[in-house]
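# Summary of the model geometry
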Protein chains: 2
Amino acid sequence: MRPGPRRSISQADIVDAAFELLEQKGMPAVSVRGVAASLGLTPTAMYTYFPSKNALLRAMVEQLLSTIDLAAASDADIAWRDRVHVLAGALLARLGEHSGSLVLVTSGPLDGTHALGLNEALIAGFTGEGMPHAEAARAAVAVRAYVLGAAALDAAERAGRETSADNAAPEALWSDAAAFPLTEASTDAAGDGFAWGLDRLLDGFERRAA
Amino acid sequence: MRPGPRRSISQADIVDAAFELLEQKGMPAVSVRGVAASLGLTPTAMYTYFPSKNALLRAMVEQLLSTIDLAAASDADIAWRDRVHVLAGALLARLGEHSGSLVLVTSGPLDGTHALGLNEALIAGFTGEGMPHAEAARAAVAVRAYVLGAAALDAAERAGRETSADNAAPEALWSDAAAFPLTEASTDAAGDGFAWGLDRLLDGFERRAA
DNA sequence: ACCTGAACACCGTTCAAGT
DNA sequence: ACCTGAACACCGTTCAAGT
């Protein structure tokens with residue numbers, strides 16, 4: 001009783017299986033063949049659900065974004081600045097959970113329902129603070145860019161720690177470590193740079209308004 | 001006279017060939033086998049020059065960053081704000097030239113010579129404006145994050161335009177386009193959002209200093 | 001030291017065929 | 001409609017062998 005004309009699983013099941021693989025074996029493991037195998041399916045059966053691997057990846061992005069709580073973003077009892085921090089922090093955390101999320105997010109335009117919902121919440125929040133709509137839209141883009149970039153920097157750094165040998169940086173003859181004294185001196189001063197930078201960005205918006 | 005014990009090409013030649021392929025056929029074409037073939041080499045010969053494909057990608061990042069002019073960043077005749085714009089703009093442009101640059105930059109920590117040099121120039125510039133070193137370092141990280149994120153958003157958008165059919169966003173039943181009125185209304189108001197956001201970030205730094 | 005050729009264990013995707 | 005099996009044109013990487 002192997003084959004059956006009845007649809008045995010859903011698109012959501014496939015996306016879940018893909019995340020399971022991503023979590024346990026990393027991005028290289030989420031392949032069409034790998035996901036299919038983890039569900040007891042043939043690779044070709046996958047194309048009944050998604051027209052391409054990229055379509056699967058984009059569905060994953062949507063699932064990823066669906067877990068961030070937009071309700072908190074529109075809670076007027078909390079200061080807008082705090083709400084942005086919660087939203088941005090949640091997004092960064094989600095993107096950072098799996099090392100491959102960044103390539104997921106770059107697999108296509110962020111035009112899924114949840115991606116648009118997040119953008120909508122950001123614009124609404126900024127206009128609620130008295131920003132003209134045109135500026136609020138640009139502020140939302142800036143915040144998205146900042147969060148994504150921070151996630152990218154995190155991902156890049158982690159990519160180096162996971163492998164040491166054959167993944168090394170180009171050597172460039174390398175005189176001594178003190179060739180970049182300012183950078184060198186700041187490696188320990190990192191702390192929570194993400195929140196700090198976000199606050200500067202928000203300060204910039206406020207200053208503009210004043 | 002095919003084989004020869006003498007090294008026929010350099011690492012730089014390989015990186016150049018890889019960029020040539022990237023420009024002409026896109027990221028999927030820059031494979032170990034593809035680059036080797038474009039140089040008349042066997043795939044295995046590549047491992048004489050780079051220990052892995054990732055090492056090649058990281059060398060490409062360094063070459064990419066080497067083309068941005070750090071001298072302009074330390075020219076005290078120009079206002080610091082303008083210098084940041086030039087630096088950030090050049091970086092964004094380089095990252096945007098090839099659609100695959102973003103995955104390049106995420107292939108490992110940005111600890112190559114040119115990556116560190118860029119960071120050094122940023123920190124030096126901010127301290128030159130009277131910022132304490134700890135804050136200058138964090139400001140440099142924030143700027144890098146913002147630029148990288150803007151590049152990621154650009155790349156994501158372009159990834160959608162290149163293919164239309166099998167790369168589509170998940171449908172999600174889709175009632176009507178007016179479900180996200182704020183986002184909808186801002187699609188045309190984009191303009192040069194990059195410079196605007198960067199200016200807000202710099203405003204935030206200044207406000208902090210005041 | 002530099003390179004080749006064969007091989008291993010994979011990919012995404014298409015197509016004809018089964019139920 | 002949903003699924004399988006075979007096939008096509010690829011991957012990154014390793015290994016033994018040649019010069």
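Since we're looking at a predicted model, the values are computed, not measured.

### Overview of the overall build of chain A
A tally of regular secondary structure across chain A gives nine helices and zero strands. Secondary structure elements in chain A, listed N-terminal to C-terminal, are α-α-α-α-α-α-α-α-α. Of all 210 residues assigned to chain A, the portion counted as buried reaches 47%. Of the contacts made within chain A by residues no fewer than 6 positions apart, 67% connect residues no fewer than 24 positions apart. Summed over all atoms, the accessible surface of chain A reaches about 10400 Å², with 54% contributed by carbon and sulfur.

### Some thoughts on the protein's contact with DNA strand D
Among the 17 residues in the neighbourhood of DNA strand D, the closest are listed as Ser 8 and Tyr 49 of chain A together with Arg 33, Thr 44 and Tyr 47 of chain B. At 3.2 Å from a phosphate oxygen of DNA strand D is found a side-chain nitrogen or oxygen belonging to Ser 31 of chain B. Grouping the constituent residues of the surface near DNA strand D by class yields five nonpolar, seven polar and five charged.

### Things to note about the protein's contact with DNA strand C
In the vicinity of DNA strand C, 17 residues are found, and the nearest of them are Arg 33, Thr 44 and Tyr 47 of chain A together with Ser 8 and Tyr 49 of chain B. Between DNA strand C and Lys 53 of chain A there is a distance of 2.9 Å, counted from a phosphate oxygen to a backbone nitrogen or oxygen. Residues that form the surface near DNA strand C fall into these classes: five nonpolar, seven polar and five charged.

### Focus: the domain arrangement of chain A
All names here are of chain A. Segmentation of chain A into domains returns domain 1 (1-51) and domain 2 (70-209). Listed as interface residues are four residues of domain 1 and, on the opposing side, four residues of domain 2. Approximately 400 Å² of surface area, both sides summed, lies buried where domain 1 meets domain 2, with 83% of it carried by carbon and sulfur atoms. Among the residues of domain 1 in contact with domain 2, Phe 19, Leu 22 and Met 27 are the three that bury the most area, contributing 84% of the side total. Between the two partners, domain 1 and domain 2, sit zero salt bridges. Seen at the junction of domain 1 and domain 2, the total is zero residue pairs in polar contact (both at pLDDT 80 or more). The residue makeup of the side of domain 1 that touches domain 2, split by class, is three nonpolar, no polar and one charged.

### Topic: the relation of the copies chain A and chain B
Copies of the same chain, two in number, are related to each other by a rotation about an axis and a translation along it. Overlaying chain A with chain B gives an RMSD of 0.0 Å, the required rotation being 180° about an axis along which the chain moves by 0.0 Å. Viewed as a symmetry operation, the transformation between the two copies matches a two-fold axis.

### Focus: the pattern of salt bridges
When the charged atoms of two side chains with opposite charge come close together, those side chains can pair. In total, this model carries 14 salt bridges over all chains according to the counting rule given. Here Arg 200 of chain A ties to Asp 203 of chain A by a salt bridge, and the two come within 2.3 Å at their closest N and O atoms. With Arg 200 of chain A and Asp 203 of chain A both in helix α9 (residues 193-209) and three residues apart, the pair spans about one turn of that helix. One network of salt bridges, in which partners are shared, links Arg 81, Asp 199, Arg 200, Asp 203 and Glu 206 of chain A together with Arg 207 of chain B.

### Comments concerning the interface of chain A and chain B
The interface of chain A with chain B comprises 68 residues on the first partner and 68 residues on the second. Roughly 5500 Å² is buried in total at the junction of chain A and chain B, and carbon and sulfur atoms are behind 69% of that figure. Between Arg 207 of chain A and Glu 206 of chain B there is a salt bridge; the shortest N-O distance is 3.3 Å. Elements supplying a minimum of two residues to the side of chain A that touches chain B: α3 (53-66), α5 (101-105), α6 (113-128), α7 (133-162), α8 (181-186) and α9 of chain A.

### Re the nonpolar core
Among the nonpolar cores identified, the biggest contains 128 residues, and Met 60, Phe 126 and Phe 205 of chain A together with Met 60, Phe 126 and Phe 205 of chain B are the most heavily contacted of them. Leave out the neighbours within four places in its chain, and Met 60 of chain A touches Val 15, Ala 18, Phe 19, Leu 22, Val 30 and Leu 104 of chain A.

### A word on the environment of Ala 156 of chain B
With respect to the secondary-structure elements, Ala 156 of chain B resides in helix α7 (residues 133-162). A relative accessible area of 3% places Ala 156 of chain B in the buried class. Leave out the neighbours within four places in its chain, and Ala 156 of chain B touches Val 105, Thr 106, Gly 108 and Pro 109 of chain A.

### Let's talk about helix α4 (residues 80-97) of chain A
The terminal C-alpha atoms of α4 of chain A lie 26 Å apart, and with 18 residues this matches the ideal 26 Å at 1.5 Å per residue to within 8%. Listed in full, the buried residues belonging to α4 of chain A are Trp 80, Arg 83, Val 84, Leu 87, Ala 88, Leu 91, Leu 92, Leu 95 and Gly 96 of chain A.

### As for helix α4 (residues 80-97) of chain B
Considered for burial, the residues of α4 of chain B that qualify are Trp 80, Arg 83, Val 84, Leu 87, Ala 88, Leu 91, Leu 92 and Leu 95 of chain B. Axial view of α4 of chain B: buried residues confined to an arc of 160°, hence all on one face.

### Section: the UniProt feature "DNA-binding region" (unreviewed entry) in chain A
According to UniProt, the positions carrying the feature "DNA-binding region" (unreviewed entry) are residues 31-50 of chain A. Taken end to end, residues 31-50 of chain A is 35% helix and 0% strand, and its two terminal C-alpha atoms sit 13 Å from one another.

### Details of the environment of Ala 18 of chain B
All names here are of chain B. Looking at where Ala 18 falls in the secondary structure, it is placed in helix α1 (residues 11-25). A residue is classified by how much of its surface remains accessible, and Ala 18, at 0% relative accessible area, is buried. For the pair Ala 18 and Ala 29, spaced 11 residues apart in sequence, the C-alpha to C-alpha distance is 8.8 Å. Here Ala 18 is in contact with Val 30, Val 35, Leu 56 and Met 60, once residues within four sequence places are set aside.

The rules we used
- Within each chain, residue numbers correspond to sequence positions counted from 1 in written order.
- Lettering of chains starts at A and numbering of ligands starts at 1, both following the order in which they are written.
- Per-residue local features of the predicted model are confined to residues with pLDDT of at least 70, and side-chain atom pairs are confined, for both listing and counting, to 80 or more; whole-chain, interface and lining totals are unaffected and use all residues.
- Computation of side-chain values: all heavy atoms of the structure, hydrogens and water removed.
- Think of it this way: any DSSP run of H or I at least four residues long counts as a helix, any run of E at least two long counts as a strand, and we number them from the N terminus.
- Note on exposure labels: buried denotes an accessible area under 20% of the residue type's maximum, exposed denotes more than 50%, and partly exposed covers the range between, all computed with a 1.4 Å probe on protein chains only.
- We call two residues in contact whenever any of their non-hydrogen atoms come within 4.5 Å of each other.
- For the area figures, the Shrake-Rupley method with a 1.4 Å probe applies, and any residue is considered shielded solely by the protein chains shown.
- The near set for a molecule or strand comprises every residue that places at least one heavy atom within 4 Å of it.
- Contacts described as polar in this section are N or O atom pairs within 3.5 Å, which, within protein, must combine one atom able to donate a hydrogen with one able to accept it, while residues neighboring in sequence count only if both atoms come from side chains.
- Ten residues, namely Ala, Val, Leu, Ile, Met, Phe, Trp, Tyr, Cys and Pro, are considered nonpolar, four, namely Asp, Glu, Lys and Arg, are considered charged, and the remaining ones, Gly among them, are considered polar.
- What marks off one domain from the next here is an automatic or database domain assignment.
- Note on terms: buried area is the combined drop in 1.4 Å-probe accessible area of two parts once they are placed together, counting the loss on both.
- Salt-bridge detection follows one rule: a side-chain nitrogen of Lys or Arg within 4 Å of a carboxyl oxygen of Asp or Glu.
- What sets the superposition is a least-squares fit of C-alpha atoms, and only residues with pLDDT of at least 70 in both copies go into it.
- Remark: nonpolar core denotes a set of buried residues (Ala, Val, Leu, Ile, Met, Phe, Trp, Tyr, Cys) joined through side-chain atoms within 4.5 Å.
- Expected span, for any helix, means 1.5 Å times one less than how many residues it has.
- The arc in question is formed by the directions pointing from the helix axis toward the C-beta atoms.
- UniProt positions are given in the numbering used here, feature names are shortened, and annotations may be inferred rather than shown by experiment.

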